[in-house]
Amino acid sequence: MKVLVINCGSSSLKYQVIDSDTEAVLAKGLCERIGIDGRLVYQKAGLDKEITEAAMPTHKEAIQMVLDALQNEKTGVIKSLKEIDAVGHRVVHGGEKFACSAKVDDEMIKALEECSGLAPLHNPANLIGIRVCQELMPGVPMVGCFDTAFHQTMPKKAYLYPIPIEYYEKYGIRKYGFHGTSHSFVSKETAKFLGMDLNHSKIIVCHLGNGASVSAVVNGKCVDTSMGLTPLAGLCMGTRSGDVDPSVVEFLGKKLNLDASGVLQILNKKSGVYGLSRGLSSDFRDLASAAADGNQDAKVALEVFAYRVVTTIGAYIAAMNGVDAIAFTAGIGENDKEIRKEIMSNFTYMGIQIDDEKNAVRGENVKISTDDSKVAVCVIPTNEELAICRDTVAILKG
Ligand code: AMP
């Protein structure tokens, strides 16, 4: 099957066409600056990227341009839209309604509209992507894959916030968790790569990218994760604060004469390693080189980031009463050997040892712990598009 994977943001859209039989990516790219001016990046497998500047007032023009590029006589990968067998959509928030991916139908669209309040920046954009694809590709089956779904197996003790229970019952305020497609994919890949039985395993996945979260996975099911009602909770991130005392919102609001939304804007966009480094950068490459040049703010920002990952891993080892494997993934997790080494240096007490040579390998699944390490530590590149493609095919084949 040829599956078009769509990941629609508010002003951008990422796409891939994957042959589900071979799992080869036939073409991929993104549309940027939708509603502003418009830029299409298209890349057929084996060829260079093509960049086209063109007006994209809405997601409809953007998706139409993607579909045209896919059918282009010279660089396209399909002759007509009839060759697209299915579309898999990334959807950020599925609330409590979706514990796994599901076929897009009127009921799902209604449920997504209901969940939109929980992810006001993301779900409306995801819904637009679904609607435009339905309009431009009528009759093509579509599947929604939720960032929250994998975490729906968390027990109440992990997902309930200790606030009056009626706010959970009335408004759905609880921990949902995000990056679920990645945590699910990486935990399965880790077990497969290490030759472990997923159904008898305790795995911690550290998805460390610009957004970052850790999850605890027992027998293939998520039992806890660090993000919450929204993706602002948990670890220190690129520009997000992660957990802070909730009183900070009122305290800072009074100092800066801002309302709660104004403070949340700071916690989302101006905090994390970016805020700690006085706005130097949210990119770990910049921070590492600044720290190497003696910039103390950059050094401390990196230390705070690593420390939060350490304490979260420690908490999840306790929650699971042990751990068999720890996997690192996403931009920082896959590429930053120094951070991995620093994080893991806090677990030598339990017999974890990192092999420096293996820790330097990039771009593939690799076990970075020594053979005599008590727990296997790996780098497992995530592939959310492939995970969405696999789910789409599995749901449609029933
Ligand atoms: P992601 O959100 O998964 O795309 O991750 C993006 C982040 O990964 C960037 O902001 C960088 O901080 C980080 N990153 C990417 N490449 C490297 C690298 N070679 N070394 C350290 N960090 C990296």
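The model shown is predicted, which means the values in this text are computed figures rather than measured ones.

Engineer: Report on the nonpolar core, specifying residues and quantitative values.
Structural biologist: With 45 residues, the main nonpolar core has Ile204, Leu208, Phe305, Ile313, Ile326, Ile343 and Met344 as its most contacted residues. Contributions of two or more residues to this core are made by strand S9 (202–208), strand S10 (212–218), helix H10 (284–292), helix H11 (296–320), strand S12 (325–329), helix H13 (337–344) and strand S14 (376–379). Counting residues per element, this core draws most heavily on H11, which supplies 11 residues. Isoleucine 204 has contacts with Val214, Ser215, Ile313, Tyr316, Ile317, Met320, Val323, Ala325, Ile326 and Ala327, leaving out every residue within four places of it along the chain. Among the nonpolar cores identified, the runner-up in size contains 41 residues, and Cys8, Phe98, Ala102 and Leu136 belong to it.

Engineer: Which residues make up the site of the ligand, and what are the values?
Structural biologist: Taken together, Gly209, Asn210, Ser282, Asp283, Phe284, Arg285, Ala330, Gly331, Ile332, Asn335, Asp336 and Arg362 form the complete shell of residues around the ligand. Within the side chain of arginine 285, one N or O atom sits 3.4 Å away from a nitrogen atom of the ligand. Separating a nitrogen atom of the ligand from a side-chain N or O atom of asparagine 335 is a distance of 3.5 Å. When the ligand is considered free in solution it has 500 Å² of accessible area, and contact with the protein chains removes 72% of it. Partitioning the shell around the ligand into residue classes produces 3 nonpolar, 5 polar and 4 charged.

Engineer: Outline the UniProt feature "binding site: substrate" (unreviewed entry) in the protein, supporting the account with residue identities and numerical values.
Structural biologist: The positions that UniProt labels "binding site: substrate" (unreviewed entry) are, in the present scheme, Arg90. Of note, arginine 90 is situated in strand S6 (residues 86–91). Here arginine 90 falls in the partly exposed class, since its relative accessible area comes to 21%. Arginine 90 has contacts with Ile6, Asn7, Asn126, Cys145, Asp147 and Ile388, leaving out every residue within four places of it along the chain.

Engineer: Any chance you could break down unusual backbone geometry for me, citing the residues and the numbers?
Structural biologist: Backbone geometry places arginine 33, a non-glycine residue, at a positive phi of 60°. Of note, arginine 33 is situated in the loop between strand S3 (24–32) and strand S4 (39–44). Taking relative accessible area as the criterion, arginine 33 reaches 40% and is therefore assigned partly exposed. Phi at alanine 330 takes a positive value of approximately 75°, unusual for a residue other than glycine.

Engineer: Just give me the short version of the packing of aromatic side chains, but keep the residues and values in it.
Structural biologist: For the structure on display, the rule yields 5 aromatic pairs. Arranged with centres 6.2 Å apart and planes meeting at 15°, the rings of tyrosine 167 and tyrosine 171 form a pair that is stacked. Residue tyrosine 167 and its partner tyrosine 171 are located together in helix H5 (residues 165–171), separated by 4 residues, close to a single helical turn. What makes tyrosine 167 partly exposed here is its relative accessible area of 35%. Taking relative accessible area as the criterion, tyrosine 171 reaches 52% and is therefore assigned exposed. Judged by centre distance (4.6 Å) and plane angle (70°), the rings of phenylalanine 284 and phenylalanine 305 are edge-to-face. Here phenylalanine 305 lies in helix H11 and phenylalanine 284 lies in helix H10, a separation of 21 residues in the sequence. Phenylalanine 284 sits in the buried class, given a relative accessible area of 5%. The lysine or arginine in question, arginine 174, covers the ring of tyrosine 159, its NZ or CZ lying 3.6 Å from the ring centre.

The rules behind the values
For every chain, the first residue of its written sequence is number 1, and the numbers climb from 1 along that sequence. Totals for whole chains, interfaces and linings use all residues, but because this is a predicted model, local features are given only for residues with pLDDT of at least 70 and pairs of side-chain atoms are given and counted only at 80 or more. Where side-chain values are given, they derive from all heavy atoms of the structure, hydrogens and water being excluded. Within this scheme, the nonpolar core is defined by two criteria: the residues are buried Ala, Val, Leu, Ile, Met, Phe, Trp, Tyr or Cys, and they are joined through side-chain atoms within 4.5 Å. Only protein chains enter the accessibility calculation, which uses a 1.4 Å probe. A residue is then buried if its area is under 20% of the maximum for its type, exposed if over 50%, and partly exposed in between. Secondary structure elements are taken from DSSP: a helix is a run of H or I of four residues or more, a strand is a run of E of two residues or more, and numbering for both begins at the N terminus. In what follows, residue pairs with any heavy atoms lying within 4.5 Å of each other are defined as contacts. To be near a molecule or strand, a residue needs just one of its heavy atoms within 4 Å of it. Under the rule applied, a polar contact is a pair of N or O atoms within 3.5 Å (in protein, one hydrogen donor and one hydrogen acceptor; residues adjacent in sequence only if both atoms are side-chain atoms). Using a 1.4 Å probe, the Shrake-Rupley method yields the accessible areas, and only the shown protein chains count as cover for residues. All amino acids are sorted into three groups, where Ala, Val, Leu, Ile, Met, Phe, Trp, Tyr, Cys and Pro are nonpolar, Asp, Glu, Lys and Arg are charged, and the leftover types, Gly among them, are polar. UniProt positions are given in the numbering used here, feature names are shortened, and annotations may be inferred rather than shown by experiment. Classification of ring pairs rests on two measures: the distance between centres of Phe, Tyr or Trp rings, Trp counted by its six-membered ring, which must be within 6.5 Å, and the angle between planes, read as stacked under 30 degrees, edge-to-face over 60 and tilted in between. Lysine NZ or arginine CZ positioned within 6 Å of the ring centre and within 35 degrees of the ring normal marks a charge as sitting over the ring.

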